[in-house]
Amino acid sequence: MSLKPELRVGDVMGTEIISINGLATVSDAMSLMRQHNVNSLVVERRDENDEIGLVLVSDIARRVVAPNRSPDRVNVYEIMSKPVWTVPPDMLARYAVRLLVRFEVSRAVVVDNDRNAIGMVTLRDLTLGQ
């Protein structure tokens, strides 16, 4: 069974963006993730020439918890991914799935024409979305 041909990223994206400043501590990021029950945070752009970043629970596990670093002493910018995959809301879902699968990523930030984050889309959203 394939995706509906007209299904677009904007139809299935999550619109709640939880963001954090790159200078915040990983401890702050962990608290925010717990508070909002999310696995990722968008890292805010510093200015219009900067790119969006993303910090995942797996980044925290791999780069802070496993090596026994203190979450209070590590800043988000030290462990985040940047730049990250971004997609427009009008992209066909089937192409977004192909993009994420090809590059082995589980999610992309949905951006408007000014490159501002307006949502998040995951492989799960795209594959199971109606």
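Parameters at a glance
Residues numbered from 1 in each chain as written. Predicted model: local features only at pLDDT ≥ 70, side-chain atom pairs only at ≥ 80, totals over all residues. Heavy atoms only, no water. Helix = DSSP H or I, 4+ residues; strand = E, 2+ residues; numbered from the N terminus. Buried < 20%, exposed > 50% of the residue type's maximum accessible area, 1.4 Å probe, protein only. Polar contact = N/O pair within 3.5 Å; in protein donor to acceptor, adjacent residues only side chain to side chain. Contact = heavy atoms within 4.5 Å. Arc of directions from axis to C-beta. Pairing = 2+ DSSP bridges. Phe/Tyr/Trp six-rings, centres within 6.5 Å; stacked < 30°, edge-to-face > 60°. Lys NZ or Arg CZ within 6 Å of the ring centre and 35° of its normal.

Section: the side chain of S40
Step number 1: Tracing the backbone shows S40 in strand β2 (residues 40-43).
Step number 2: What makes S40 buried here is its relative accessible area of 9%.
Step number 3: In this structure the side chain of S40 is engaged in a polar contact, spanning 3.2 Å, whose partner is the side chain of R107.
Step number 4: Not counting residues up to four positions away in its chain, the partners in contact with S40 are M33, L54, V55, L56, R107 and M120.

Focus: helix α5 (residues 93-102)
Step number 1: For α5, every residue scored as buried is listed here: A93, A96, V97 and L100. For α5, the angular spread of the buried residues around the axis is 100 degrees, confining them to a single face. What points out from α5, more than 90 degrees from its buried face, is the exposed set R98 and R102.
Step number 2: The inward-facing, buried residues of α5 contact α1 (9-12), β5 (107-111) and α6 (123-128).
Step number 3: Positive phi appears at E104, one or two residues downstream of α5, with a value of about 55 degrees.

Looking at the sheet that holds β5
Step number 1: What the three strands build is an open sheet, ordered β4-β5-β6; its pairing is mixed. This sheet does not close on itself; its edge strands, each paired only once, are β4 (86-87) and β6 (117-122).
Step number 2: Alignment of β4 against β5, held across two bridges, turns out to be parallel. Bridged to V87 within β5 is V110.

Here we look at the packing of aromatic side chains
Step number 1: On inspection of all chains with the given rule, the structure shows one aromatic pair.
Step number 2: When the ring of W85 is compared with that of F103, the centres are 4.7 Å apart and the planes differ by 35 degrees; the resulting orientation is tilted. Note that W85 is positioned in the loop between α4 (76-79) and β4 and F103 in the loop between α5 and β5, a separation of 18 residues in sequence.
Step number 3: Among the residues examined, F103 registers a relative accessible area of 40% and is labelled partly exposed.
Step number 4: Between the NZ or CZ atom of R94 and the centre of the ring of Y95, over which it lies, the distance is 4.9 Å.

Observations regarding the sheet that holds strand β3 (residues 53-56)
Step number 1: Taken in spatial order, the three strands make up an open sheet running β1-β2-β3, and their pairing is mixed. Of all the strands in the sheet, the pair left with one neighbour each is β1 (19-20) and β3.
Step number 2: Note that β1 and β2 share two bridges and pair parallel. Each residue of the ladder has a partner; that of S19, found in β2, is V42.

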